[in-house]
Amino acid sequence: MKSLIRFRGGVKLPGFKSLSTKSPIQKTPLPSRLILPLRQHIGESANPVVEIGDYVYKGQIIADSNSFVSAPIHASSSGKIINIGPYTIPHQSGIAETCIVIETDGKDQWHPNIKQCDVPGSLSADQIRKKIKQAGIVGLGGAVFPSSAKLKPTREIDTLIINGVECEPYITCDDALMRTKADEIIHGILLLRRVLNPIECVIAIENNKPEAIKAVRSTLARFKEENIGSVNTIRVVPVPTIFPAGGEKQLIKQICNKEVPQHGLPYEVGVVCLNVGTTAAIYDCIYQGRPLVSRLVTITGEAVNHPANYQVLIGTPVEDVLAAAGGVQASKVDFIMGGPMMGQVLPDTGVPVVKATNCLLVKTPEKSKKQPVQLPCIRCGACANACPMQLLPQQLYWHARGKHFEKLNHYNLTDCIECGCCSVVCPSKIPLVHYFRFAKTEMREHEVKSKFADQSRLRMLARDARLERIKKEQEERKARRKAEREKKKAANQKQKQISESPKASSG
Amino acid sequence: MAILILTLLALVFGLGLGYTAIRFKVEGDPIVEKIDALLPQTQCGQCGYPGCRPYAEAIASDEAEINQCPPGGEAGVQSLADLLGRDPLPLNPENGVAEEGPSMVAVINEATCIGCTKCVQICPVDAIAGAAKHIHNVLDAYCTGCELCLPPLCPVDECIVMRPVEQTIKTWKWNNPETLKESEAA
């Protein structure tokens, strides 16, 4: 058994996890309206395949895409499509994107074609892949990368890592899932093993979740005893509680001591990494035939009356979810989707829960809004020690302020995972991650603008060339006409002479 | 004797220089390319030259100052100053003011377009499609927002107008933490 490698950087953070783990998983009531954005994943957004006024069943595909890196969207409950149009999506910007809105009919009726699979054991790897793609399953850890795109690696896979680390403070949905549905997770792993054929499987769990570790280990032992599947190559690995131990690249470094190449994907080093929630969703889709229509969401924060983990239908407005959690105590609060480190502040509570929503954190402004006074950088280097990507945040900070795009590229700004470790450790309280997010969007705009300028230059040159050509052609035509005219004139004169000469001779 | 040697040397070097001048002749002025690469390519003509390249040529031949391009803004002047080793100047107000905010594209009101083709002919990047007595349309993916097609060129009022490019998730930008700091201090 290999020993764990410690990844460089990271910080120890207070967990606040017990807030939401005291009570069992609950279900939020069926909302009257479901808002389903067409883009809930990385890659191409899906295109609607239904029209306003259509009746849809729960689990019916309402938007689909042919692209490899994409995922279809399903109706999360039965009802009528009442609108397809722009609605504010859960994103920091508060921008509206196209969403499909369903008015639920209260029956919550599954599509008649959705039924349990009697023979999951006889499905081929390709059939499993196809079903996962059709079920719209994406990475439920928060990155929402379409899972089907991970399951067709172009090289052999050595290690399948199931990510149950959940390193962000406050979030406990994966913890709750592992405690209660370890069976489904292990069934999911057995399915994934048939698709990927890895040499070994590792379930990585942070060591601050002893109950989850115990639950998964005892379920594995039961599987072995009852001979449900060969679980010999599956092992549970507790990892130290250091943020961001659950980052894909950091986890691969810890478990396999391999580094994912820059701009590369884990399969290039023979690793596939999937979240425990995704694995359970894969079980649901293959065994129960059910697409991804709901997910576990941690509703937590000091301002929430009943913090717990809730099974929420995708598309449920955040306000409905919060009402189910007993409402919010204070009047002025921040709503954060995700954790306190990498989450996004929501523009309002009318936005829906999407596939990426692992946590809704409600914090009172005293704790989240009041920013400490920012002091000048003293070049202490604490940020460089904390950076889990081994970047140099203080260099990046100077260049981000000056918008030196070449330098930012040189210091690999694009590799920043925006984990926030540098901001946490900074003794001058510089919001470093904010600077990097700002610089990333500036850089992207600069790139787009210079590409557009190149395009405009080419179009200008093409237009000039065309105008030149037309002018030349006109001149040529003119010259040709003139020549023709003269030729004609000459011919006429000649004829005149000829016609005159016989006259003369006859006369 | 010394005179002879020096004359010979001068001859040899002269021949060498003459040969390299012909052999490694540079087509065009490379500094023009470099200046042109820094200009925003809106082709708007606000600088007083008919397009970005003519302006680049004018800068290279010292006919024009580096502060005549409003679409490039102060940042554009700065990058030109860096390239040419000159002092940055504030934008010349005679050429117009740098506009803040989202980039704009032209849009044609189909109801009032009379199909005169004037805008089609003037568009420096061929971003307007149309034929005589047919409705014209702006291909907004190519429109640089140069405003050359706006009235008085367009004979119809309210036919061609500028509208801001809609913001998407891909074009949305984080606010500058620096400005946040200032607002807090104030």
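Residues numbered from 1 in each chain as written. Chains lettered and ligands numbered in written order. Predicted model: local features only at pLDDT ≥ 70, side-chain atom pairs only at ≥ 80, totals over all residues. Heavy atoms only, no water.

**Some remarks on the sheet that holds strand β10 (residues 200–206) of chain A**
Adjacent strands of a sheet form backbone hydrogen bonds with each other and so pair up, either parallel or antiparallel. Residues and elements named next belong to chain A. Applicable threshold: Any two strands are treated as partners once DSSP identifies two or more bridges connecting them. Helix numbering and strand numbering both begin at the N terminus, where a helix is a DSSP run of H or I of at least 4 residues and a strand a DSSP run of E of at least 2. Structural elements are reduced to axes, namely lines fitted to C-alpha atoms, with helices fitted over the stretch in contact, and the angle between N-to-C directions of any two is expressed from 0 to 180 degrees. Residue contacts are defined here by distance: any two heavy atoms, one from each residue, within 4.5 Å place the two residues in contact.
Taken in spatial order, the four strands of this open sheet run β11-β10-β9-β12, and their pairing is parallel. A strand with exactly one partner marks an edge of an open sheet, and here the two such strands are β11 (234–239) and β12 (271–275). Neighbour-to-neighbour, the strand axes of this sheet turn through a mean angle of 25°, independent of strand direction. Bridge analysis of strand β9 (residues 159–164) against β12 gives five bridges, and the strand direction is parallel. Across the sheet, the residue bridging to threonine 159 is valine 271, located in β12. Along the sheet, helix α7 (residues 276–288) contacts β9 and β12; its crossing angle with β12, the most-contacted strand, is approximately 80°.

**Some remarks on a positive patch on the surface**
Residue and element names in this part refer to chain A. Put simply, the rule reads: For patch building, the residue pool is restricted to those with more than 30% relative accessible area and no salt bridge; the joining distance is 9 Å between like charges and 5 Å between nonpolar side chains (Val, Leu, Ile, Met, Phe, Trp, Tyr). Values of accessible area rely on a 1.4 Å probe in the Shrake-Rupley scheme; residue burial ignores everything except the protein chains shown. A pair is scored as a salt bridge if a Lys or Arg side-chain nitrogen falls within 4 Å of a carboxyl oxygen belonging to Asp or Glu. The convention is simple: Lys and Arg are positive, Asp and Glu are negative, and His and the chain ends are not counted. Note on charges: their place is set at NZ of Lys, CZ of Arg, CG of Asp or CD of Glu. Whether a residue is buried, partly exposed or exposed follows from its accessible area with a 1.4 Å probe, protein chains only, as a fraction of its type maximum: under 20%, in between, or over 50%, in that order.
A cluster of basic side chains, namely Arg477, Arg480, Arg481, Lys482, Arg485 and Lys489, defines a positive patch on the protein surface. As for its position among the elements, arginine 481 is in helix α14 (residues 432–506). For arginine 481, a relative accessible area of 51% puts it in the exposed group.

**Some details on the sheet that holds strand β3 (residues 47–48) of chain A**
All names here are of chain A. Spatially, three strands are ordered β3-β5-β6 in an open sheet, and the strand pairing comes out antiparallel. Either end of the sheet is taken by a strand with one partner, and the two such strands are β3 and β6 (73–74). In the sheet, strand β5 (residues 61–64) pairs with β6 via two bridges, with the strands oriented antiparallel. Looking across to β6, one finds that isoleucine 61 is bridged to histidine 74.

**Details of the interface of chain B and chain A**
The cut-off we apply is this: A 1.4 Å probe defines the accessible area here, and the buried area is the portion of it lost by two parts on being joined, summed over both. In the analysis that follows, any N or O atom pair within 3.5 Å is treated as a polar contact, provided that within protein one partner can donate a hydrogen and the other can accept it, and provided that, for residues neighboring in sequence, both atoms belong to side chains. Following the grouping adopted for this structure description, the nonpolar residues are Ala, Val, Leu, Ile, Met, Phe, Trp, Tyr, Cys and Pro, the charged ones are Asp, Glu, Lys and Arg, and the polar ones are all others, Gly among them.
Listed by partner, the interface residues are 34 residues for chain B and 26 residues for chain A. Across the interface of chain B and chain A, roughly 2,800 Å² is buried in total on both sides, 55% from carbon and sulfur atoms. Between chain B and chain A we count six salt bridges in total. Close ionic contact of arginine 466 of chain A with aspartate 126 of chain B constitutes a salt bridge, the shortest N to O distance being 2.6 Å. In this assembly, chain B and chain A are joined by 14 residue pairs in polar contact (both at pLDDT 80 or more). Listing elements by their share of the side of chain B that touches chain A, those giving two or more residues are α2 (30–38), α5 (118–122) and α6 (177–185) of chain B. Top contributing element to the side of chain B that touches chain A by residue count: α6 of chain B, with five residues. Class assignment for the residues of the side of chain B that touches chain A results in 17 nonpolar, ten polar and seven charged.

**Brief notes about the domain arrangement of chain B**
All names here are of chain B. The condition is simple: Domain start and stop positions are those given by an automatic or database domain assignment.
On domain assignment, one finds that chain B holds domain 1 (30–95) and domain 2 (101–169). Placing a centre on the C-alpha atoms of domain 1 and another on those of domain 2 gives a separation of 25 Å. Taken together, the four residues of domain 1 in the interface contact five residues of domain 2. Of the roughly 340 Å² buried at the junction of domain 1 and domain 2 (both faces included), carbon and sulfur atoms supply 62%.

**Quick word on the pattern of salt bridges**
Scanning the entire structure with this criterion turns up 29 salt bridges over all chains. Between glutamate 248 of chain A and lysine 150 of chain A there is a salt bridge, and its shortest N-O distance comes to 3.3 Å. A residue pair is termed long-range when its members are at least 10 positions apart, and glutamate 248 of chain A in helix α6 (residues 248–256) and lysine 150 of chain A in the loop between α2 (125–134) and β9 qualify at 98 residues. Its salt-bridge partner being arginine 437 of chain A, residue glutamate 418 of chain A comes within 2.9 Å of it at the nearest N-O pair. You can see glutamate 418 of chain A sitting in the loop between α12 (405–410) and α13 (421–425) and its partner arginine 437 of chain A sitting in helix α14, a full 19 residues away along the chain. One connected set of salt bridges, linked through shared partners, spans Asp454 and Arg457 of chain A together with Glu33, Asp36, Arg53 and Glu57 of chain B.

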